Amino acid sequence: MLAAVLRRCSASVRVLLPKPGAAAPSSLPSPSPAAAAIHSVRCYSHGSHETDEEFDARWELRKGMNTLVGYDLVPEPKIIDAALRACRRLDDFASAVRILEAVKDKAGPHKEIYPYIIQELRPTLDELGISTPEELGLDKA
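Residues numbered from 1 in each chain as written. Predicted model: local features only at pLDDT ≥ 70, side-chain atom pairs only at ≥ 80, totals over all residues. Heavy atoms only, no water.

## Overview of the pattern of salt bridges
No. 1: On inspection of all chains with the given rule, the structure shows nine salt bridges.
No. 2: Here Arg122 makes a salt bridge to Asp126, at a shortest N to O gap of 3.5 Å. Separated by four residues within a single helix, Arg122 and Asp126 lie in helix α6 (residues 113-128), roughly one turn from each other.
No. 3: With relative accessibility at 26%, the residue Arg122 sits in the partly exposed group.
No. 4: With relative accessibility at 51%, the residue Asp126 sits in the exposed group.
No. 5: Of the charged contacts, one joins Lys140 and Asp139 as a salt bridge, the two residues approaching to 3.6 Å between their closest N and O atoms.
No. 6: Look at Lys140 and you get exposed, because its relative accessible area is 69%.
No. 7: Using a relative accessible area of 37% as the deciding quantity, one classes Asp139 as partly exposed. (Salt bridge = Lys/Arg side-chain N within 4 Å of Asp/Glu carboxyl O. Helix = DSSP H or I, 4+ residues; strand = E, 2+ residues; numbered from the N terminus. Buried < 20%, exposed > 50% of the residue type's maximum accessible area, 1.4 Å probe, protein only.)

This is the structure:
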């Protein structure tokens, strides 16, 4: 099935693009109906598709964290703990790391806040298998 889709994609590219070395026409001819049908096939991977419920859950997590980061405060460790557990439940490691980065950013010039939060979250981070941005080397980038 995948091979057939790739053949159709490559055929549509051959039909719609001029040959190498040929002079480019001033206007491309309108493709035949067969070429238009071939061109309408999407040429990207057909990986796993998430359900509407999974998408909504991820959206709600991101929306909630965006609202929380918008406040002029650093969230308490128990709130961050709940957010990290939600990330794990949704299997969204990237959001978990982004949450930790946002907490570090919210701590700002108060250098003692972020280490305290990581100290309080260490059991949760170890339990869930989540690495901090520093452990991943993202603080050097």
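There's more to say after this.
## Here's the deal with a nonpolar patch on the surface
No. 1: A contiguous nonpolar surface patch, about 260 Å² in accessible area, is contributed by Phe93, Leu136 and Leu138.
No. 2: Position of Phe93 among the secondary structure elements: in helix α5 (residues 93-107). (Patch = residues over 30% accessible without salt bridge, like charges linked within 9 Å, V, L, I, M, F, W, Y side chains within 5 Å. Areas by Shrake-Rupley, 256 points an atom, 1.4 Å probe, with all protein chains shown as cover.)

## A closer look at the packing of helix α4 (residues 77-89) against α5
Relative placement of two packed helices is described by the angle separating their axes and the distance separating the axes.
No. 1: Running from amino to carboxyl end, α4 crosses α5 at an angle of 160°, the nearest separation of the two axes being 9 Å. Between α4 and α5, the angle falls in the class roughly antiparallel. Considering how the two elements wind past one another, α4 and α5 form a crossing that is right-handed. Packed against α4, whose contacting residues are Ile80, Ala83, Leu84 and Cys87, the element α5 presents Ser95, Ala96, Ile99, Leu100 and Val103 at the interface.
No. 2: Its residues assigned to classes, the contact of α4 with α5 comprises eight nonpolar, one polar and no charged. (Axes fitted to C-alpha atoms, helices over the stretch in contact; angles between N-to-C directions. Parallel < 35°, antiparallel > 145°, perpendicular 65-115°, else oblique. Left-handed = near helix turned anticlockwise from the far one by under 90°. Contact = heavy atoms within 4.5 Å. Nonpolar A, V, L, I, M, F, W, Y, C, P; charged D, E, K, R; others polar.)

## Observations concerning the confidence of the model for the protein chain
No. 1: Overall, the prediction assigns the protein chain a mean pLDDT of 78, with 65% of residues at 70 or greater.
No. 2: Here helix α1 (residues 2-16) stands out as the element of the protein chain with the lowest mean pLDDT, 47, in contrast to α6, whose mean of 96 is the highest.
No. 3: Under a pLDDT of 50 for its full length, residues 9-17 has, in the predicted model, 10 contacts with residues more than four places off or in other chains. (pLDDT = per-residue confidence, 0-100.)

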